[in-house]
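# A structural walkthrough
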Amino acid sequence: MATLTTDLIKLNNLQLASKLVSDELLLGIQTSRRSGIGTEFEQFRHYTPGDDPKRIDWKLFAKTGNYLVRESATESNQQVRLLIDLSGSMNYTETGVSRLQYAKILLASLAYLSNRQSDQLSLYSLQNGTVQALVPAGKQAFQKIVAILDSTQAAGAWENQRASVPEFSRKQAEMLIIASDFLQLDDEWVKLIQGVAGPRREIVIFQLLGAEEINFSMTGFYRFQDLETGKEIELQADAIRDVVRQRSSDYLTKLDESLRIPHVRLIRVRLSDPIALVLKQFLTS
C-alpha cells in the first residue's frame, strides 16, 4: 500500500520521508528503463568480496536474509538539477497537504534516488521570477539539499518579465526537474522553458495541482484569496463553477500544447496522489 503524503508530512523529517518514498519505489520496480535518474536496474546478485557494501539492498536483506547487490547495465554520473517554485501559490493546501510540502518531499525523494547512483546534484529556486542557485553540485550535496528544502518558504509573485537563468547555459548533458503549480499570467513559465530547452538537457516538469483547482466542486459562499498578491474577493462558488472549470480546462490544454517541445516532459500530479506512485510512473513509463 502506498504511503500517504499526509503520513510523510507528519514525520516532520524530510530526509526520512525521502528514504521511505524511495525504498517503497525501488521495491516496486523489478526492471525499469533508464529515465535519467540513477541506473537501469536489471537484476540482483549475491554479494561477493570486493563489492561496495553500500550497494547491498538492506531492505531485501531484512526480508530474505541474503546479501543482495543491485547489478546494473550502466552507472550514472550525470548532472541532475532540481528547481522548486517558491511563489506564493505554492502555499495552496488541500486535505492537509500543501503544494510546497508535496514539492519538497517529491524533490527530496528524487535527490535520494540520484544520490544512490552518484549523480551530480544541485538545487535551485524560483521566487519573484528570479532563479537562484541554492546548493551547488559537490560533496554532501544531498544532505545540503534536504536541509535547504526543509527551511524554504514560499511567498510573492512573478515580478519580472523573463527569468534570467545563466546557470542553465552550459552545454553538458543534464536533467532539469521542476516542481511547480505551473500557473502563470502571461506565459512566463513557458518562456522560461523555451529559453533553456535543448537537445542535451532533458526537462521534466511536475505540475502539482489540487483536485478543487481542476474540478471546483465547492458550493456556497467563499472568500477567495490570491496567495501571491494577498487580494481577496467574495463570491458564490455555485455561480462561477462552470466558468472556473472551463477556464481551468482551457488553460491546461493550452499548456499541454505549448510544452510539446523536444526533450520536455510534463507530468500532471494531484496533491492526493501518493508520491511513490508518481515517481514509479515517471521512472518506468
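Structure: see above.
The present account deals with the structure reproduced in this document. (Residues numbered from 1 in each chain as written. Predicted model: local features only at pLDDT ≥ 70, side-chain atom pairs only at ≥ 80, totals over all residues. Heavy atoms only, no water.)

As a further point, take the pairing of strand β7 (residues 130-135). As judged from the five bridges shared by strand β6 (residues 120-127) and β7, these two strands associate in the antiparallel manner. Across the sheet, the residue bridging to Tyr124 is Ala133, located in β7. Between the antiparallel neighbours β6 and β7 lie two residues, among them Asn128 with a positive phi of about 55°. (Pairing = 2+ DSSP bridges. Helix = DSSP H or I, 4+ residues; strand = E, 2+ residues; numbered from the N terminus.)

This part takes up the packing of helix α2 (residues 14-27) against helix α5 (residues 141-151). Where α2 contacts α5, the axes come no closer than 9 Å and their chain directions differ by 115°. Only Phe142, Val146, Leu149 and Asp150 of α5 make contact with α2, whose side of the interface consists of Leu14, Gln15 and Ser18. Looking at the contact of α2 with α5 residue by residue, the classes come out as four nonpolar, two polar and one charged. (Axes fitted to C-alpha atoms, helices over the stretch in contact; angles between N-to-C directions. Contact = heavy atoms within 4.5 Å. Nonpolar A, V, L, I, M, F, W, Y, C, P; charged D, E, K, R; others polar.)

With that settled, the discussion passes to the nonpolar core. With 49 residues, the main nonpolar core has Leu82, Ile177, Phe206 and Leu208 as its most contacted residues. Here the element with the most residues in this core is helix α4 (residues 99-116); it accounts for eleven residues. Core analysis: the second largest hydrophobic core is formed by 21 residues, Leu83, Val165, Phe182 and Leu255 among them. (Core = buried A, V, L, I, M, F, W, Y, C linked by side-chain atoms within 4.5 Å. Buried < 20%, exposed > 50% of the residue type's maximum accessible area, 1.4 Å probe, protein only.)

This part covers helix α9 (residues 275-284). Those residues of α9 lying buried are Ile275, Ala276, Val278, Leu279, Phe282 and Leu283. All buried residues of α9 project into a common sector of 160° when viewed along the axis, lining one side. (Arc of directions from axis to C-beta.)

Pairing is mixed in the open sheet, where six strands are placed in the order β7-β6-β3-β8-β9-β12. In the strand order of this sheet, the two ends are held by β7 and β12 (264-270), each with one partner. Between one strand axis and the next, the sheet turns through 20° on average, direction left out of account. Taken together, the seven bridges between strand β8 (residues 174-180) and strand β9 (residues 201-209) define a ladder with parallel strand orientation. By the bridge assignment, Leu176 is partnered in β9 with Ile203. Sheet strands touched by α5: β3 (79-85), β6 and β7. Its angle to β6, the strand with the most contacts, is close to 20°.

Next up on the list: helix α8 (residues 237-258). With 22 residues, α8 should reach 32 Å at 1.5 Å per residue; the first-to-last C-alpha distance of 30 Å fits that figure. Roughly 30° is the biggest bend found in α8, and it falls at Val243. Residues of α8 that are buried include every one of Ala237, Arg241, Ser248, Leu252 and Leu255, and no others. Packing partners of the buried residues in α8 comprise α6 (188-196), β9, α7 (211-215), β10 (221-225), β11 (232-236) and β12. (Expected span 1.5 Å × (residues − 1). Bend = angle between axes of the 7 residues up to and from the residue.)

With respect to the element layout, Leu283 can be found in helix α9. Look at Leu283 and you get buried, because its relative accessible area is 8%. For the pair Leu283 and Leu25, spaced 258 residues apart in sequence, the C-alpha separation works out to 9.6 Å.

We now examine the pattern of salt bridges. Tallied over the entire structure, the rule returns nine salt bridges. Note that Arg223 and Glu232 form a salt bridge whose closest N and O atoms lie 3.8 Å from each other. You can call Arg223 exposed: its relative accessible area is 55%. Across the salt bridge formed by Arg241 and Asp238, the nearest N and O atoms sit 3.3 Å from each other. With Arg241 and Asp238 both in helix α8, this residue pair falls three residues apart, about one helical turn. The class for Asp238 is partly exposed, based on a relative accessible area of 36%. Through salt bridges that share partners, Arg81, Glu174 and Arg201 make up one connected network. (Salt bridge = Lys/Arg side-chain N within 4 Å of Asp/Glu carboxyl O.)

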